[in-house]
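The lines below spell out each chain.
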Amino acid sequence: MSTYVLVHGAFLGGWCWRRVAEQMQLRGHTVVTPTLTGCGDRFHLLNREVGLETHALDIEQTLVHEDLNDVILVGHSYGGTAMTVAAARVPSRVRKMIYLDAQAPVHGQTASGAMGDGTAGKLAELAQGDDGWLLDPLPLDVVGVVKPGDVAWVAPRRHPHPLRTLLEPVTVPEGSLDAVAKVYIVCQQRDKLITMFGADPLAPFVERARREHWPVTELDAPHDAMIAAPELTHEALLSHG
């Protein structure tokens, strides 16, 4: 059996993996779903100092304090950036990294700068306040959460996300992740996401995965697949275990 650490994206928390984690645990796998600082049930800790460094440290310390080894790290959306930085710090603990419709920037890039054309400008428009340090959650229909039961579960648990996390450059020491296998899962139902941003914000990361010959799987699901299509999602994750 494998050990999975599932890292959520912006506006969410570890809670968003509940349906997927339950199915994986039923099959005997160990599943850990940390909540990043300032997100989910840790929203009360959100402040202007929370950035990519904070979230990378959250993941790194989860691996260290839970004494997790031979881990399959899964990052959804922004979670792909945070897990990349964390994995580069403790690569000996990580066997594989799975990017679920996620950002996969390289050393020196910022998450927003690495995304598709026009994405950074759209994110700035979504930012709250005079100095725009917080991002409002994307509309639920844009990320594919439309079923009444899903909306009732998700809507009260989403929170604004610190823009700083998308503006801090990624640090990945040269060669640190060379021995870690990488997989990319593309969620195909992204028409509304692409319309909202005027371009596919994740296209550069899919292109990188194909260019570097990672296994690439296409999933017939919307962006928030772990919520809207948990059965397909957990099967896809296990297929790469």
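Here, the structure is the one placed above.
Residues numbered from 1 in each chain as written. Predicted model: local features only at pLDDT ≥ 70, side-chain atom pairs only at ≥ 80, totals over all residues. Heavy atoms only, no water.

### Concerning the side chain of Asp 101
The test is simple: The way it works is that DSSP assigns letters per residue, a run of H or I at least four long becomes a helix, a run of E at least two long becomes a strand, and they are numbered from the N terminus. Contacts described as polar in this section are N or O atom pairs within 3.5 Å, which, within protein, must combine one atom able to donate a hydrogen with one able to accept it, while residues neighboring in sequence count only if both atoms come from side chains. Any two residues whose heavy atoms approach within 4.5 Å are treated as being in contact.
By secondary structure assignment, the location of Asp 101 is in the loop between β4 (94-100) and α4 (111-114). For Asp 101, the side chain forms a polar contact with the side chain of Arg 190, separated by 3.5 Å. The residues touching Asp 101, leaving out its near neighbours within four places in the chain, are Ser 77, Tyr 184, Ile 185, Val 186, Cys 187, Arg 190, Leu 202 and His 223.

### Quick notes on the nonpolar core
Heads up, the rule is: What is meant by a nonpolar core is a set of buried Ala, Val, Leu, Ile, Met, Phe, Trp, Tyr and Cys residues, joined one to another through side-chain atoms within 4.5 Å. Any residue under 20% of the maximum accessible area for its type is buried, any over 50% is exposed, and the rest in between are partly exposed; the area is computed with a 1.4 Å probe on protein chains only.
Core analysis: the largest hydrophobic core is formed by 83 residues, its most contacted members being Leu 6, Leu 73, Val 74, Met 97, Tyr 184 and Leu 237. No other element matches helix α3 (residues 79-89), which puts six residues into this core. In this structure, Leu 73 is in contact with Val 5, Val 7, Ile 59, Met 83, Ala 87, Val 94, Lys 96, Met 97 and Ile 98, ignoring residues within four places of it in sequence.

### Overview of the pairing of strand β1 (residues 3-7)
Using the following cut-off: Think of it this way: DSSP has to see at least two bridges between two strands before they count as a pair. With its strands directed away from the observer, a crossover is right-handed exactly when the path from the first strand over the helix to the second travels clockwise.
Counting buried residues in β1 gives five out of five residues, a clear majority hidden from the surface. The alternating pattern of β1 places Thr 3, Val 5 and Val 7 on one face and Tyr 4 and Leu 6 on the opposite face, and all of these are buried. With three bridges connecting them, β1 and strand β2 (residues 30-32) associate as parallel partners. Residue pairing in the sheet places Tyr 4 in a bridge with Val 31 of β2. Read from β1 through helix α1 (residues 18-26) to β2, the crossover connection turns out right-handed. As judged from the five bridges shared by β1 and strand β3 (residues 71-76), these two strands associate in the parallel manner. If you follow Tyr 4 over to β3, its bridge partner there is Ile 72.

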